[in-house]
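Residues per chain are reported as follows:
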Amino acid sequence: MFATMAISWAWLLGAVPLLFLAFWHAADAWYRAAFFLKHGKKSLPPGHMGVPFLGETLSLLWYFKHARRPDEFIGAKKNAYGKAAGMYRTHLFGSPTIIACTPAANKFVLQSPENFGVHWPEPELVGHTSVVNVEGATHTRLRGFILAAINSPRSLRTIAAVVQPRVVAALASWSDKGTIVAATETKKVTFANICMMFISMEPSPLTEKIDEWFGNLVAGLRSFPLDFPGTAFHRARKCRRKLNAVFREELQARRKKAMATKAEDDDVMGGFMRMEDEQGKKLSDDEVVDNIVSLVVAGYESTASAITWATYHLAKSPDALAKLREENLAMSESKGGLSFITHDDIPKMKYTAKVVEETIRMANIAPMAHRVAKRDVEYNGYTIPNGWPVLVWVRSLHTDPNNFQDPLTFNPDRWDEPAKPGTYQVFGGGYRVCAGNMLARLQLTIMLHHLCIGYEWELLNPDAQISYLPHPKPVDGVAMTFHKLTTK
């Protein structure tokens, strides 16, 4: 009897590791076999597809959410398969996927529209007809309008004048409170300015709800696409429907007002409503709503997060803050003590520009760009199969010591020299480089100016852990004391 039990335990102990190995390699073996049957002796990029159905999604979430070491997800692949390929195969968010993570590989993907199209894991969340999802002439027309509306020198001059009163008022209110959570307060002022620029909405209980819905929408964009109650993706879909309803109602109200007064709103939504193609056809309501939602997603959370990180890093870098304050006080004095700056002042603010670039680099607001192979694509001796999503992993460029010395150290002076070619891709690249990149820089510059000429702040938890999903930020939201500057 005892002998039989011993044999049974021995068999079990031997079988469990074998079953685990079979389970671990099953998905990878299946995809490699399917690839071989179709492509023969060609090779997929190195990597592993993870466990069946889930792939490496849980591994990705573990590195980002629990281990709080997001760069090690790519680092583990480089260590396991070498750095030469520049690409790795994996399985994420329900699909077999290729990850590009070197300057050369990223450039190849981002600047090859004939080979790669845009691909969001769940395009309905940002809008099927939004500028981030459409291709060809439609994309060109929408992008052209957006560039003119929010990123041209003329529009930036107007925006600089419009947003500063709200920024100044917000900072004064922070000082009155004495203690703030920067992530919360920067979201409020950034969202208020975005609402005014894009849809002419003043702060109200409705905009507070819209703010909440957008927060849930952004969280769902980087979640596993499981659509059942309680999941981030399910909440995101519900919030997207609520946003659709609110913005459709706004469109109808604008049309009624235009019929009654013959006046049209001079904001981004109004511009979308007036847009026509070569045949004189205007955008549908779906297209207007999709593009407003995608612009708010791109311009609101990312800008607010960058401002939050600026306050965090400057609080921990007194020398950098002193240099920034000196330059901006000098700018204010040169304007006769006026605190407002113009778009034309910004090129003179050299050190401020370095702080802006360093903040954006370290914030890594958008760690990846989503593309899809339009056909079988050959790169560096490997084949990217037609239809496979491709993640352009830009975060890894900005945290690689081969690209930036001491990459996790906040050092604005590193921008005395330009970054190595291809290593700085905070706004993406190619024909889809972020259409609001100059608007983001402008808003960050304005906030930095008014912060450092009038206020001082100190972190309450300088060693707080960092959360990386859905956007990187300290877990306390950058809690700080905040007061008027006592000496200038």
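Details of the structure are given in the entry above.
Q: Which parts of the structure should I look at to understand helix α9 (residues 205-221)?
A: Helical geometry: 3.6 residues make up each α-helical turn, so side chains three or four residues apart lie on a common side. Here α9 contains 17 residues, and its C-alpha end-to-end distance of 25 Å stays within 8% of the 24 Å for a straight helix at 1.5 Å per residue. For α9, the full list of buried residues reads Thr207, Ile210, Asp211, Trp213, Phe214, Gly215, Leu217, Val218, Gly220 and Leu221. Next to the buried residues of α9 lie α5 (123-126), α8 (182-199), α10 (232-261) and α12 (285-315).

Q: What should I look at first to understand the packing of α12 against helix α16 (residues 437-454) in this one?
A: In a packed pair of helices, the relevant descriptors are the angle between the two axes and the axis-to-axis distance. For the pair α12 and α16, the least separation of the axes is 10 Å and the interaxial angle reads 35°. The handedness of the crossing between α12 and α16 is right-handed. Of the residues in α16, those touching α12 at Gly299, Thr303, Ala306, Ile307, Ala310, Thr311 and Leu314 are Ala440, Gln443, Leu444, Met447, Leu448 and Leu451. When the residues that make up the contact of α12 with α16 are grouped by side-chain class, the tally is 9 nonpolar, 4 polar and no charged.

Q: I'm lost on the nonpolar core in this one. Help?
A: Nonpolar side chains in soluble globular proteins tend to end up buried together. Among the nonpolar cores identified, the biggest contains 108 residues, and Phe198, Phe214, Phe247, Phe272, Leu314, Trp393 and Phe482 are the most heavily contacted of them. Here this core takes 14 residues from α12, the largest share from any one element. Filtering out sequence-adjacent residues up to four positions away, Leu314 remains in contact with Ala320, Leu321, Leu324, Val355, Phe410, Leu448 and Trp457. Ranked by size, the runner-up nonpolar core spans 21 residues in total, among them Ile98, Ala373, Val377 and Ile384.

Q: Explanation requested: the packing of aromatic side chains in the structure shown.
A: The description of two aromatic rings rests on the distance between their centres and on the angle between their planes. Summed over all chains, the structure comprises 19 aromatic pairs. Considering the side-chain rings of Phe73 and Trp393, the 5.7 Å spacing of their centres and the 35° angle between planes classify their relative orientation as tilted. Placement of the pair is Phe73 in helix α3 (residues 71-81) and Trp393 in strand β8 (residues 389-393), with a sequence separation of 320 residues. Relative accessible area serves as the criterion here: at 2%, Phe73 is assigned to the buried category. Judged by its relative accessible area of 1%, Trp393 is buried. Looking at Lys77, its charged tip hangs above the ring of Phe73, at a distance of 5.1 Å from the centre. Its end group placed over the ring of Phe404, Arg361 keeps NZ or CZ at 5.0 Å from the ring centre.

Q: Just to check I follow, could you spell out the pairing of β8 for this structure?
A: Put simply, side chains in a regular strand alternate between the two faces of the sheet. For β8, a buried count of 5 out of 5 residues is recorded, marking the element as mostly surrounded by other parts of the structure. Side chains of β8 alternate between two faces, with Pro389, Leu391 and Trp393 and Val390 and Val392 buried alike. Relative to β8, strand β2 (residues 95-100) runs parallel, the two sharing 3 bridges. Bridge pairing in β8 places Ala100 opposite Val392. Both strand β5 (residues 368-373) and β8 contribute to a ladder of 5 bridges, which runs antiparallel. Directly across from Arg371, in β8, lies its bridge partner Val390.

Q: Mind showing me how you'd approach the pairing of strand β12 (residues 479-484) here?
A: Pairing analysis gives 3 bridges linking strand β4 (residues 179-181) to β12, with the strands arranged antiparallel. When the sheet's bridge partners are listed, Val181 is paired in β12 with Ala479. Across 5 bridges, the pairing between strand β9 (residues 455-459) and β12 is antiparallel. Within β12, the position partnered with Glu456 by the bridge is His483.

Q: What is the right way to read the environment of Arg143 from this model?
A: If you trace the backbone, Arg143 turns up in helix α6 (residues 136-151). Residue class for Arg143 comes out buried when judged on its relative accessible area of 17%. Not counting the four nearest positions on each side in its chain, Arg143 is found in contact with Val131, Tyr431, Arg432, Val433, Cys434 and Ala435. Separated by 2.7 Å, the side chain of Arg143 and the backbone oxygen of Val433 make a polar contact.

Q: Just checking my understanding: could you explain the pattern of salt bridges for this structure?
A: Per the stated rule, a full pass over the model turns up 28 salt bridges. Taking the shortest distance from any N to any O, the salt bridge between Arg69 and Glu72 comes out at 2.9 Å. Take Arg69: its relative accessible area is 36%, and that puts it in the partly exposed class. A salt bridge links Lys354 to Asp413; the nearest nitrogen and oxygen atoms lie 3.0 Å apart. With Lys354 in helix α14 (residues 350-363) and Asp413 in the loop between α15 (395-398) and α16, this residue pair connects regions lying 59 residues apart in the sequence. Here Lys354 falls in the buried class, since its relative accessible area comes to 14%. Taken together, the shared-partner salt bridges in this structure form one network comprising Lys323, Lys354, Asp413 and Asp416.

Q: Looking at this structure, how should I read a nonpolar patch on the surface?
A: Together, Phe53, Leu54 and Leu58 make up a nonpolar patch on the protein surface, roughly 350 Å² of accessible area in all. On the accessibility criterion, Leu58 (51% relative accessible area) is exposed.

Q: I'm lost on the packing of α10 against α12 in this one. Help?
A: Running from N to C, α10 and α12 cross one another at 120°; their axes reach a closest spacing of 10 Å. In terms of orientation, α10 lies oblique with respect to α12. In the crossing of α10 with α12, the sense of the turn from one axis to the other is right-handed. On α12, the residues that touch Arg240, Asn244, Phe247, Arg248, Leu251, Gln252 and Arg255 of α10 are Asp285, Asp286, Val288, Val289, Asp290, Ile292 and Val293.

Q: Looking at this structure, I do not really get the environment of Pro45. What am I missing?
A: Structurally, Pro45 is set in the loop between α1 (2-39) and α2 (57-66). When the C-alpha atoms of Pro45 and Ile99 are compared, they prove to be 9.2 Å apart, with 54 residues separating the residues in sequence. Here Pro45 is in contact with Met87, Tyr88, Arg89, Ile98, Tyr382 and Thr383, once residues within four sequence places are set aside.

Calculation rules
Residues numbered from 1 in each chain as written. Predicted model: local features only at pLDDT ≥ 70, side-chain atom pairs only at ≥ 80, totals over all residues. Heavy atoms only, no water. Helix = DSSP H or I, 4+ residues; strand = E, 2+ residues; numbered from the N terminus. Expected span 1.5 Å × (residues − 1). Buried < 20%, exposed > 50% of the residue type's maximum accessible area, 1.4 Å probe, protein only. Contact = heavy atoms within 4.5 Å. Axes fitted to C-alpha atoms, helices over the stretch in contact; angles between N-to-C directions. Left-handed = near helix turned anticlockwise from the far one by under 90°. Nonpolar A, V, L, I, M, F, W, Y, C, P; charged D, E, K, R; others polar. Core = buried A, V, L, I, M, F, W, Y, C linked by side-chain atoms within 4.5 Å. Phe/Tyr/Trp six-rings, centres within 6.5 Å; stacked < 30°, edge-to-face > 60°. Lys NZ or Arg CZ within 6 Å of the ring centre and 35° of its normal. Pairing = 2+ DSSP bridges. Polar contact = N/O pair within 3.5 Å; in protein donor to acceptor, adjacent residues only side chain to side chain. Salt bridge = Lys/Arg side-chain N within 4 Å of Asp/Glu carboxyl O. Patch = residues over 30% accessible without salt bridge, like charges linked within 9 Å, V, L, I, M, F, W, Y side chains within 5 Å. Areas by Shrake-Rupley, 256 points an atom, 1.4 Å probe, with all protein chains shown as cover. Parallel < 35°, antiparallel > 145°, perpendicular 65-115°, else oblique.

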